[in-house]
Amino acid sequence: MACLAGQAMRTVPCPDPQGARPPYSPYICSANPMIQSVLKNKDAVITTIALTNPRLPTLTQEEWEELKQAGEVLKPFEEVTVEISGQGYVTVSKVILLARGLQRIAANIQRGVNLMGPVKVMVYTICTQMAHRFHKIEAHVLLSEAAALDPRFKKKAFGRDEDADRAYQYLSNAAAKVNLPNQQAEEEGAAAQPPSSSQDSAIWQEFDQQVSGLVTSSRNPVADAVLEVRAFVQEPLVPRSSNPLTWWQSRGVVYPRLSEIMKRRLCIVATSVPSERIFSKMGQIISERRNRLSSSKVSQLVFLNANLE
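Keep in mind that what you see is a predicted model, and the values were worked out from it rather than measured.

The rules behind these values
Residues numbered from 1 in each chain as written. Predicted model: local features only at pLDDT ≥ 70, side-chain atom pairs only at ≥ 80, totals over all residues. Heavy atoms only, no water. Helix = DSSP H or I, 4+ residues; strand = E, 2+ residues; numbered from the N terminus. Buried < 20%, exposed > 50% of the residue type's maximum accessible area, 1.4 Å probe, protein only. Contact = heavy atoms within 4.5 Å. Areas by Shrake-Rupley, 256 points an atom, 1.4 Å probe, with all protein chains shown as cover. pLDDT = per-residue confidence, 0-100. Expected span 1.5 Å × (residues − 1). Arc of directions from axis to C-beta. Polar contact = N/O pair within 3.5 Å; in protein donor to acceptor, adjacent residues only side chain to side chain. Axes fitted to C-alpha atoms, helices over the stretch in contact; angles between N-to-C directions. Parallel < 35°, antiparallel > 145°, perpendicular 65-115°, else oblique. Left-handed = near helix turned anticlockwise from the far one by under 90°. Nonpolar A, V, L, I, M, F, W, Y, C, P; charged D, E, K, R; others polar. Phe/Tyr/Trp six-rings, centres within 6.5 Å; stacked < 30°, edge-to-face > 60°. Lys NZ or Arg CZ within 6 Å of the ring centre and 35° of its normal. Salt bridge = Lys/Arg side-chain N within 4 Å of Asp/Glu carboxyl O.

S.K.: How would you summarise the overall build of the protein if you had to cite specific residues and measurements?
M.R.: Assigned secondary structure in the protein consists of 15 helices and 0 strands. With 309 residues in all, the protein has 35% of them scored as buried. For the protein, contacts bridging at least 24 residues in sequence account for 72% of all contacts bridging at least 6. Of the accessible surface of the protein, which amounts to about 19800 Å², a share of 56% is contributed by carbon and sulfur atoms.

S.K.: How would you sum up the confidence of the model for the protein? Please name residues and give values.
M.R.: Taken as a whole, the protein shows an average pLDDT of 81; of its residues, 82% reach a score of 70 or greater. Note on residues 1-28: pLDDT under 50 across the span, and 43 contacts to partners over four residues away in sequence or across chains.

S.K.: Tell me what's going on with helix H11 (residues 221-234), and back it up with residues and numbers.
M.R.: Taking 1.5 Å as the rise per residue, H11 with 14 residues should run 20 Å; its terminal C-alpha atoms sit 20 Å apart, in good agreement. Listed as buried for H11 are Asp-224, Ala-225, Glu-228, Val-229 and Phe-232. Seen end-on, H11 carries its buried residues on one side only, within an arc spanning 130 degrees. Looking at H11, the residues exposed on the side facing more than 90 degrees away from the buried face are Leu-227, Arg-230 and Gln-234. For H11, the N-terminal capping position is held by Asn-220, with its side-chain oxygen 3.1 Å away from the main-chain nitrogen of Val-222.

S.K.: Describe the packing of helix H14 (residues 273-285) against helix H15 (residues 295-307), with residues and values.
M.R.: Interhelical geometry of H14 versus H15 gives an angle of 120 degrees and a closest axis separation of 10 Å. The angle between H14 and H15 falls in the class oblique. With respect to the hand of their crossing, H14 and H15 are arranged in right-handed fashion. Listed contacts from H15 to Ile-278, Lys-281, Met-282 and Ile-285 of H14 are Val-298, Leu-301, Val-302, Asn-305 and Ala-306. In the contact of H14 with H15, the residues fall into 7 nonpolar, 1 polar and 1 charged.

S.K.: So, the packing of H11 against helix H13 (residues 256-265): which residues are in play, and what are the values?
M.R.: The interhelical angle for the contact between H11 and H13, taken along N-to-C directions, is 75 degrees, at an axis separation of 8 Å. Classified by the interaxial angle, the pair formed by H11 and H13 is roughly perpendicular. In this structure, H11 contributes Pro-221, Asp-224, Ala-225, Glu-228, Val-229 and Phe-232 to the contact, and H13 contributes Pro-256, Arg-257 and Leu-258. Across the contact of H11 with H13, the residue classes tally to 6 nonpolar, no polar and 3 charged.

S.K.: Quick one: what's the story with the packing of aromatic side chains, residue by residue and with numbers?
M.R.: One pass over the structure, following the stated rule, counts 6 aromatic pairs. Here the aromatic rings of Trp-247 and Tyr-255 are separated by 6.4 Å at their centres, their planes lie at 15 degrees, and the arrangement is stacked. Taking the relative accessible area as the measure of exposure, Tyr-255 reaches 4% and is therefore buried. Ring geometry for Trp-248 against Tyr-255: centres 6.3 Å apart, planes inclined by 75 degrees, an arrangement best described as edge-to-face. Per residue, the accessibility class of Trp-248 equals that of Tyr-255, and both read buried. The cationic tip of Lys-154 hangs over the ring face of Phe-232; the distance from NZ or CZ to the ring centre is 4.5 Å.

S.K.: With reference to specific residues and values, describe the pattern of salt bridges.
M.R.: Enumeration over the complete set of coordinates arrives at 10 salt bridges. For Arg-251, the salt bridge goes to Glu-235, with nearest N and O atoms at 3.5 Å. Separated by 16 residues along the polypeptide, Arg-251 in helix H12 (residues 244-251) and Glu-235 in the loop between H11 and H12 bring together distant segments of the chain. One salt-bridge network, in which partners are shared between bridges, spans Arg-160, Glu-162, Asp-163 and Arg-166.

Here it is, written out as C-alpha cells:
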C-alpha cells in the first residue's frame, strides 16, 4: 500500500518544456481518497510492511511530507468532484463557477513558497491542464445559459460582463422563439371574435380609421422576451443553499418564456456519474440467479430502484 501511495505522487506527467500537452490527464480526484487513507493509517502501513515483507522499499520521511502536501492540494478537487457529480439537485449551472474557483485555488497554491519538488510539478501540470480545458468555458452555450438562468448566480457566475451579456442575448433570442399555449389561445380567440355592431356605426368609423395602424392582433414576442430577461436580471439573488427549481416554480407565471427554457437547461446533469450509478444498480439487479428477466421488467426495476430513495 505504501508503494501504491508513493506511485500516486508519480502519476502526474512531467510538463513538456516545449509546452506540449501531456500524454494523459492524471486522475487526481480518485487518488486523493487513497492518499488520505494511507496518511491516516501511516503507522499501521509501516508496521505491516515491516512485518510481512521487510525487503519492500518504504517511503522516506520526505516522501511522506510530499504525500501530505499532495493530499492538501487535491482536496478542493475532490470536493468539487463530489458536488458536481451529485444527483437530486441542479449541477450544470455550477460548472463555470466551480471551474474558475479551482483555477484560482490552484494559482494561489502554485505561488506558495513551501511546496516540495514533486508537488510543484503536479500543481504546475494541473494549472496547465485547467488553462487548456477551461479557457473558453464561458463561451459554452448550454453552460452559460444554465448559469444565467440560475437565480442564485445570474451575472455573478461570469468573470466578465461581456460574457454575461452574451449569455443573456442567447436567452433573449431563444425566449423569442418560445410558443406559449395561452398566447396562441388568445390569438385564436381574437381571430374568431365576431365584429361588434359598433364597427358599422358612422360615429366610430373615423376613429377606427385613425387607430387601425396602431392596433395589433398579437404581441411582439421579441419585445416580450427582452422585457422578461431584463426583469429577471433585476431580481435579487437568492441564497446559494436554496433550490433554484423552487424559485422558478413560484415565478413561472411571471417569466413564462424563460421558464420554458429553464426546464430544458437546469435539468441537464453536469457529469455522467448519475447514469453510471444506474448502470451499477442494473448490474446488481441482473445476476446469475436473475438472468431471465425481460428487458421491460429490468427497465421497471431500475426505474424504481433509482427513484425510490
